[in-house]
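# Structural overview
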Amino acid sequence: MSGDNNWFTEIFAPSGSAFGLAITKKLDEVQSPFQHIEMFETTHFGNLMVIDGVIMLSSRDNFLYHEMLSHPVLFTHANPKNVVIIGGGDCGTLREVLKHPDVETVTQIDIDEQVTRMSEKYFPELCESNNDPRATLKFDDGIKFMREAAPESVDVIIVDSTDPIGPGEGLFNRAFYDSCRKALRHGGILVQQSESPLIHMPLLKDMRQAMQDVGFDSLQTLLFPQMVYPSGWWTCTMARKGETINGFREADAAAASFSTEYYNVAVHQAASAWPNFIKKALQNG
Ligand code: SPD
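On to helix α5 (residues 174–183). Restricting attention to buried positions, one finds in α5 the residues Phe-176, Tyr-177, Ser-179, Cys-180 and Ala-183. Taken around the axis of α5, the buried residues stretch over an arc of 155°, which confines them to a single face. N-cap assignment for α5: the residue whose side-chain oxygen lies 3.2 Å from the backbone N of Ala-175 is Asn-173.

Below, the discussion takes up the side chain of Asn-82. Turning to its location among the elements, Asn-82 is positioned in strand β7 (residues 82–87). Among all residues touching Asn-82, those that are not within four sequence positions of it are Thr-105, Ser-153, Val-154, Asp-155, Val-156 and Arg-185.

A few words on the packing of aromatic side chains. Counted under the stated rule, the structure contains 8 aromatic pairs. Aromatic pair Tyr-65 and Tyr-229: ring centres 5.7 Å apart, planes at 85°, arrangement edge-to-face. Of this pair, Tyr-65 sits in helix α1 (residues 62–74) while Tyr-229 is found in the loop between β12 (218–225) and β13 (233–240), placing the two residues 164 residues apart along the sequence. Taking the relative accessible area as the measure of exposure, Tyr-65 reaches 3% and is therefore buried. Aromatic side chains Phe-176 and Tyr-177 sit 6.1 Å apart centroid to centroid with 55° between the ring planes, which places their arrangement in the tilted category. A residue is classified by how much of its surface remains accessible, and Phe-176, at 1% relative accessible area, is buried. An aromatic cluster is built from Tyr-65, Phe-224, Tyr-229 and Trp-234, whose rings are joined through pairwise contacts.

Taken together, the residues surrounding the ligand are Val-54, Ile-55, Met-56, Tyr-65, His-66, Asp-90, Asp-160, Ser-161, Asp-163, Gln-193, Tyr-229 and Trp-234. At a separation of 3.0 Å, a nitrogen atom of the ligand approaches a polar side-chain atom of Tyr-65. Contact between the ligand and Ser-161: a nitrogen atom at 2.7 Å from a main-chain N or O atom of the residue. Computed on the free molecule, the ligand has an accessible area of 340 Å², of which 98% lies beneath the protein chains in the complex.

Strand order in this open sheet of 7 strands is β9-β8-β7-β10-β11-β13-β12, and the pairing throughout is mixed. The sheet is open, and its two borders are formed by β9 (135–139) and β12, each paired with just one other strand. Strand-to-strand twist of the sheet, defined as the mean angle between neighbouring strand axes without regard to direction, takes the value 15°. The pairing of β7 with strand β8 (residues 105–110) spans 5 bridges and is classified as parallel. Each residue of the ladder has a partner; that of Val-83, found in β8, is Val-106. Where α1 meets the sheet, its contacts fall on β7, β10 (154–160), β11 (184–193), β12 and β13, and the angle it forms with β10 comes to roughly 160°. Sitting on the sheet, α5 touches β7, β10 and β11, and the angle it makes with β11 is about 145°.

Here the largest pocket is characterised by a volume of approximately 420 Å³. Residue lining of the largest pocket: 34 residues in total, with Gly-87, Asp-110, Asp-160, Ser-161 and Thr-162 positioned closest to the centre. For the lining of the largest pocket, the secondary-structure elements that each account for two or more residues are β5 (47–51), β6 (54–58), α1, β7, β8 and α4 (142–148). No other element matches β6, which puts 4 residues into the lining of the largest pocket. Looking at the second largest pocket, its volume works out to about 190 Å³. What lines the second largest pocket is a set of 15 residues, among which Phe-75, His-100, Pro-101, Asp-102 and Arg-249 lie closest to the centre. By residue class, the composition of the lining of the second largest pocket is 9 nonpolar, 3 polar and 3 charged.

When you tally the buried positions in β12, you get 7 out of 8 residues, the bulk of the element. For β12 and β13, the ladder comprises 8 bridges, and the chain directions are antiparallel. Each residue of the ladder has a partner; that of Leu-223, found in β13, is Thr-235.

Let us look at the domain arrangement of the protein. Split into domains, the protein comes out as domain 1 (7–58) and domain 2 (62–281). Taking only C-alpha atoms, the centre of domain 1 and the centre of domain 2 are 23 Å apart. Each partner contributes residues to the interface: domain 1 has 24 residues there, and domain 2 has 22 residues. Inspection of the domain 1/domain 2 interface yields 1 salt bridge. Across the pair Asp-28 and Lys-121 runs a salt bridge whose closest N-O atoms are separated by 3.7 Å. Counting across the interface, domain 1 meets domain 2 through 6 residue pairs in polar contact (both at pLDDT 80 or more). Those elements that place two or more of their residues in the side of domain 1 that touches domain 2 are β2 (7–12), β3 (17–31), β4 (36–42), β5 and β6. When residues of the side of domain 1 that touches domain 2 are assigned to their parent elements, the largest contribution, 6 residues, is made by β3. Class assignment of the residues belonging to the side of domain 1 that touches domain 2 gives a composition of 16 nonpolar, 5 polar and 3 charged.

The rules we used
Residues numbered from 1 in each chain as written. Predicted model: local features only at pLDDT ≥ 70, side-chain atom pairs only at ≥ 80, totals over all residues. Heavy atoms only, no water. Buried < 20%, exposed > 50% of the residue type's maximum accessible area, 1.4 Å probe, protein only. Helix = DSSP H or I, 4+ residues; strand = E, 2+ residues; numbered from the N terminus. Arc of directions from axis to C-beta. Polar contact = N/O pair within 3.5 Å; in protein donor to acceptor, adjacent residues only side chain to side chain. Contact = heavy atoms within 4.5 Å. Phe/Tyr/Trp six-rings, centres within 6.5 Å; stacked < 30°, edge-to-face > 60°. Near = heavy atom within 4 Å. Areas by Shrake-Rupley, 256 points an atom, 1.4 Å probe, with all protein chains shown as cover. Pairing = 2+ DSSP bridges. Axes fitted to C-alpha atoms, helices over the stretch in contact; angles between N-to-C directions. 1 Å grid on protein atoms, 1.4 Å probe; cavity = no way out; pocket = protein on both sides within 12 Å on 5 of 7 lines; lining within 4 Å. Points joined across faces, edges and corners; volume = space filled by probe spheres on them. Nonpolar A, V, L, I, M, F, W, Y, C, P; charged D, E, K, R; others polar. Domains from an automatic or database assignment. Salt bridge = Lys/Arg side-chain N within 4 Å of Asp/Glu carboxyl O.

In structure tokens, the structure reads:
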């Protein structure tokens, strides 16, 4: 990673690639007990949050990621009432989940309170629903929270994490998936951001294998664009307990009472279509 007076550049050495945004100034930075959080003002992408040198979100394009992490899973579950978000401290996913009027509780557990405090200041639009009475924000270890969660008490778990390094590392393994599966009710769904299909395929395969190994009955990996992440192309993976992943409530999605910038019925359907190289890599569907 590198930054100078005019550009923030995230270098992704494993794929010999880099992504940069022109910046006008550094707005803020804080070293929390867990990670180094920086905030930049960009020329064209609004504000930019960077954690440990890795781009987390920009004002301009975070809607893609946050909508795709929230709406496909909530319109696939038959009747999601109780939702848990692990990570998600910028509160963009929380805002999307709370758009669903039938969701009764959303508990968000991010290990780092500083991410939320920075987001409140520099991404206030993402935090506009934080005082919704259905929302509870906890600042704690999400791995421990899931390990100690009451069995069969949750409908949907959304893992909105950093990459699998640093505080996010323990969110990508069998022990964590096993805890999540136990906490889900029958038909419950775990969805996790699952990195780039172009440059993180081994990780995506390992994640899917680990989800199957702990007993999830069916999986679905969805594709969507995300310009500010390495390769510009990203995924999330849904894992369902006790049922197949089928069940997209198309009519409900079409009749949604709220607005979205990216997500709609056709986008949901298209996101589940796999190009041939992905079919080949993820042979077992
Ligand atoms: N390569 C960065 C991936 C980060 C994914 N999570 C970002 C959090 C946005 N809510």
